[in-house]
Amino acid sequence: MFSLAGKVAVVTGAASGIGLATARRLAAAGATVVLSDINDAAGDAAAMGADFVAADVSDEDSVASLVASVVEAHGRLDVMVNNAGVLLTAKGIDSDATEDVRRMIDVNLFGVLFGMRHASRAMGPGGAIVNTASMAGIVGFPGLSTYGASKWGVVGLTRYAALEFGPLGIRVNCVCPTGVESPMTGDTPDHWAVRSQSLAHQHIDRLATVDDVAAAVHYLASDDAAMVNGHALWVDGGLGAGMSIEMIEAAIGGSIRDGNAIIE
Ligand SMILES: NC(=O)c1ccc[n+]([C@@H]2O[C@H](COP(=O)([O-])OP(=O)(O)OC[C@H]3O[C@@H](n4cnc5c(N)ncnc54)[C@H](O)[C@@H]3O)[C@@H](O)[C@H]2O)c1
């Protein structure tokens, strides 16, 4: 089940967090994996019997070279996981963090665009592309408007890509994680905003792990997901489902149950 034997997979942003966990998971499922990152991950790659190719996903030539080198080394490309991303500011629209915003769009959105463009040219029928979006691309997180815009773009681009690449036999999906325990959600105030907002709205009382997300990517990359195309898979602990009674009561500081026939 969910075997990736015989498949060649690339994971971007694989030096850390979700990407590293995904690379490990795909390798354990039998794929020949190529880890890619702007930072060195050669040691991690070697430890799982994989290759490492450095690439900056915001640079189209770099992405084109990555894909070309994988096809040259392994003869094919079956799975492309466009996961590299950055969270550079948790300030809102009315801030002057414009360069941070540009970089987030360059890495998070153009990186996915370039990855899909060059992977799709190298893939044949049966190929699978999985992009890492975010629940910040599905619902609003105060402070994450510009990061969220980049991820909203990833969700949209994923759907459009399914239309464009479906006729080629290539599926395109994305995962939308809630806050994840990873270096991206460290100890700064920006990171704290992701953690606290996720935990406040989920119906599972913990942040997601990198392995929770890697499992979803694994499924979407596998032939078991052969009819799943253009889908945004929420790995969100119920964050997008709505508010529980307890959340509403905490917000209003009182009960909405006593004598309230509408809720009960
Ligand atoms: N951590 C979370 O709470 C969370 C939630 C939802 C979505 N995401 C998304 O998941 C993905 C992975 O995040 P993570 O939590 O593992 O973060 P992370 O910081 O641990 O890993 C991100 C990796 O991307 C790499 N990277 C950054 N810029 C790059 C570039 N230009 N080219 C190539 N590689 C680059 C980094 O070097 C790093 O290894 C990102 O797209 C992120 O936006 C994270």
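Here, every reference points to the structure presented above.
Caption draft 1: Summary view of the overall build of the chain. Within the chain one finds 8 helices and 7 strands. Relative to the globule expectation of 18 Å for 264 residues, the C-alpha radius of gyration of the chain, 19 Å, shows essentially globular dimensions. On the principal axes, the C-alpha backbone points of the chain span a range of 70 × 45 × 35 Å. For the chain, the residues scored as buried account for 46% of the 264 residues in total. Taking contacts inside the chain between residues at least 6 apart in sequence as the whole, the part at least 24 apart equals 69%.

Caption draft 2: Quick look at the sheet that holds strand S4 (residues 79–82). Across the sheet, which stays open at both edges, the 7 strands sit in the order S3-S2-S1-S4-S5-S6-S7 with parallel pairing between neighbours. Each having just a single partner strand, strand S3 (51–54) and strand S7 (232–235) make up the two edges of the open sheet. For this sheet, the mean inter-axis angle between neighbouring strands, taken without regard to orientation, is 20 degrees. Of the strand pairs in this sheet, strand S1 (residues 8–12) and strand S2 (residues 32–37) are connected by 5 bridges, and their pairing is parallel. Looking at S2, one finds that Thr12 is bridged to Ser36. Set on the sheet, helix H4 (residues 98–122) makes contact with S1, S4, strand S5 (128–132) and strand S6 (171–177); between it and S4 the angle comes to about 170 degrees.

Caption draft 3: Main features of helix H7 (residues 210–221). Between its terminal C-alpha atoms H7 stretches 16 Å, which fits the 16 Å expected from 12 residues at 1.5 Å a residue. In terms of burial, H7 is a largely internal element, 9 of the 12 residues being buried. Check the buried side of H7 and you find it contacts S1, helix H1 (17–28), S4, S5, S6 and S7.

Caption draft 4: Structural detail: the packing of helix H3 (residues 60–74) against H4. Orientation of H3 relative to H4, taken along the N-to-C sense of each, is 30 degrees, at an axis distance of 9 Å. Classified by the angle their axes make, H3 and H4 are roughly parallel. Along this stretch, H3 crosses H4, giving a crossing that reads as right-handed. When H3 is examined against H4, the residues Glu60, Val63, Ala64, Val67 and Val71 are found in contact with a partner set consisting of Phe114, Gly115, His118, Ala119 and Ala122. A breakdown of the residues in the contact of H3 with H4 according to their chemical character gives 7 nonpolar, 2 polar and 1 charged.

Caption draft 5: Region of the structure containing the pairing of S4. With burial as the criterion, each face of S4 is covered, one bearing Val79 and Val81 and the other bearing Met80 and Asn82. Here 3 bridges tie S1 to S4, and the two strands are oriented parallel to one another. By the bridge assignment, Val10 is partnered in S4 with Met80. Judged from the 4 bridges that link them, S4 and S5 form a sheet pairing that is parallel. The partner of Met80 across the bridge, within S5, is Ile129. Tracing the backbone out of S4, into H4 and back to the parallel element S5 gives a crossover that is right-handed.

Quick notes on the rules
- Residues numbered from 1 in each chain as written.
- Predicted model: local features only at pLDDT ≥ 70, side-chain atom pairs only at ≥ 80, totals over all residues.
- Helix = DSSP H or I, 4+ residues; strand = E, 2+ residues; numbered from the N terminus.
- Rg over C-alpha atoms; globule rule 2.2 N^0.38 Å.
- Buried ≥ 20, exposed ≤ 12 C-beta atoms within 10 Å, placed from the backbone.
- Contact = placed C-beta atoms within 7 Å.
- Pairing = 2+ DSSP bridges.
- Axes fitted to C-alpha atoms, helices over the stretch in contact; angles between N-to-C directions.
- Expected span 1.5 Å × (residues − 1).
- Parallel < 35°, antiparallel > 145°, perpendicular 65-115°, else oblique.
- Left-handed = near helix turned anticlockwise from the far one by under 90°.
- Nonpolar A, V, L, I, M, F, W, Y, C, P; charged D, E, K, R; others polar.
- Right-handed = clockwise from strand over helix to strand, strands pointing away.

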